[in-house]
Amino acid sequence: MKVIWLLLVAALLIGTTAQADLRAYWAFDEGQGDIAYDASAYGNHGQLIAATEAGNPPSPLSGTTSPAWTTGVNNGALLFGTPNGQNFNYVAALKSDSLRYLGANWSVSTWIRQDEDSVAMNVGDGAGYQRLISCPNYEIELGVPGWKHDYFWPYGTSEFQLDIGTTGPMDTWYHFALTYDGENLTRYINGVGNSIAIADQEINDIWKDGWDTAVFKIGGQTWPDKDFFMGALDDVAIWGDCYLDADGVAALYNNTATPLTVSVVPEPATLTLLALGGSVLLRKKSRN
């Protein structure tokens, strides 16, 4: 009976605390307006921006508009760039400390549709790697479709710029997740994972000065403006101090869970606290 009670307590504690580390979740379901709301507890809401310049030094861009509301995998989505690869835009999100300190375990998940007309777009003297997210501490680069690979890059530690596999399919929705469990960086495409061993890749204030001045962007490089994403995104979510395992990623891909309901794996310190808490409750229970 004591064992059953302990398991129930641990399950309850894990289920209660896991989603507290969902740092941001932009569902892109608004369908109108110029704000993409963050459904997490941290309020990292984003503003839809039309890029007016690109490069360093900056060159003016003309004829650009903000990302457009469209239909996604789960209700609404945002369409970036296009038509014909000549429109450049992004979402600028508020930068609370929830996105600054992701800790030693973290995950990113989203649905992506890269459009064919985005091939080799490198406005602003960019390399053509389209930024999924980019901020002063880290970024995820989606390879130019057809010939380049996806990268994860913690700023300030370029030796850890990692090739994490070929880019996803064109002109169709695919599910993308990137997770770090403290030992392995794993990139998932439609639930299938590819891992690279890498130790101690914490995300904690890598670029202190940059955080105060640069922008947290979805769909473009933080600075300077270049390498814009071309296509549509849906359900962009970020977790810190915990991560998605293969089952969690599969649940998002199969639409049996959302970022608000999916189970995550807490960091080891959290697991220790949960076990201690369960042990204390068990001792109290045994005395009654």
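Predicted model, so just to flag it, every value in this text is computed and none were measured.

J.: Account for the overall build of the chain, naming residues and giving values.
T.: Each helix and strand in the chain was counted, giving five helices and 22 strands. Looking at the chain as a whole, 51% of its 288 residues qualify as buried. Residue pairs in contact within the chain that sit at least 24 positions apart in sequence constitute 65% of those at least 6 positions apart. In the form shown here, the chain has an accessible surface area of approximately 12600 Å², with 55% of it arising from carbon and sulfur atoms.

J.: Quick rundown of the pattern of salt bridges? Include the residues and the values.
T.: Should their charged atoms come close, side chains of opposite charge can pair. Per the counting criterion, the structure on display carries eight salt bridges. Here D97 and R100 are joined by a salt bridge, their closest N and O atoms 4.0 Å apart. One end of the pair, D97, and the other, R100, are both in helix α2 (residues 97-100), three residues apart, so they sit about a helical turn from each other. Classification of D97 as partly exposed rests on a relative accessible area of 46%. Of the charged contacts in the structure, one is a salt bridge between E141 and R131, with a shortest N-O distance of 3.4 Å. In this pair, E141 is assigned in strand β12 (residues 138-142) and R131 in strand β11 (residues 130-134), connecting sequence segments ten residues apart. For R131, a relative accessible area of 5% translates into the label buried.

J.: Give a description of the pairing of strand β7 (residues 76-80) that names residues and reports values.
T.: With four of five residues buried, β7 is to be regarded as a mostly interior element. The sheet contact formed by strand β6 (residues 68-71) and β7 spans four bridges and is antiparallel. By the bridge assignment, W69 is partnered in β7 with L78. Linking β6 to β7, which pair antiparallel, is a turn of four residues; within it N75 sits at a positive phi near 65°. Two elements, β7 and strand β20 (residues 231-240), share three bridges in a ladder whose sense is antiparallel. Residue F80 lies in a different strand from β20, and its bridge partner there is G231.

J.: Lay out the environment of W26 with the relevant residues and their values.
T.: Position of W26 relative to the elements: it lies in strand β1 (residues 22-26). Looking at W26, the relative accessible area reads 0%, which means it is buried. Distance in space between the C-alpha atoms of W26 and G46 is 8.3 Å, their sequence separation being 20 residues. Within the structure, W26 has its side chain in polar contact with the backbone oxygen of N44 (distance 2.7 Å).

J.: An account of the pairing of β12 is requested, with residue identities and associated values reported.
T.: The element β12 is extensively covered by neighbouring structure, given that five of its five residues are classed as buried. Side chains of β12 alternate between two faces, with Y138, I140 and L142 and E139 and E141 buried alike. Direction of pairing for β11 relative to β12: antiparallel, over a ladder of four bridges. Residue pairing in the sheet places I133 in a bridge with I140 of β12. Hairpin geometry of β11 and β12 is characterised by an intervening segment of three residues between the two adjacent antiparallel strands.

J.: Residues and numbers for the side chain of E139, please.
T.: Checked against the element boundaries, E139 lands in strand β12. Among the polar contacts made by the side chain of E139, one reaches the side chain of R131 at a distance of 3.1 Å. Separated by 2.8 Å, the side chains of E139 and S134 make a polar contact.

Rules and cut-offs
Residues numbered from 1 in each chain as written. Predicted model: local features only at pLDDT ≥ 70, side-chain atom pairs only at ≥ 80, totals over all residues. Heavy atoms only, no water. Helix = DSSP H or I, 4+ residues; strand = E, 2+ residues; numbered from the N terminus. Buried < 20%, exposed > 50% of the residue type's maximum accessible area, 1.4 Å probe, protein only. Contact = heavy atoms within 4.5 Å. Areas by Shrake-Rupley, 256 points an atom, 1.4 Å probe, with all protein chains shown as cover. Salt bridge = Lys/Arg side-chain N within 4 Å of Asp/Glu carboxyl O. Pairing = 2+ DSSP bridges. Polar contact = N/O pair within 3.5 Å; in protein donor to acceptor, adjacent residues only side chain to side chain.

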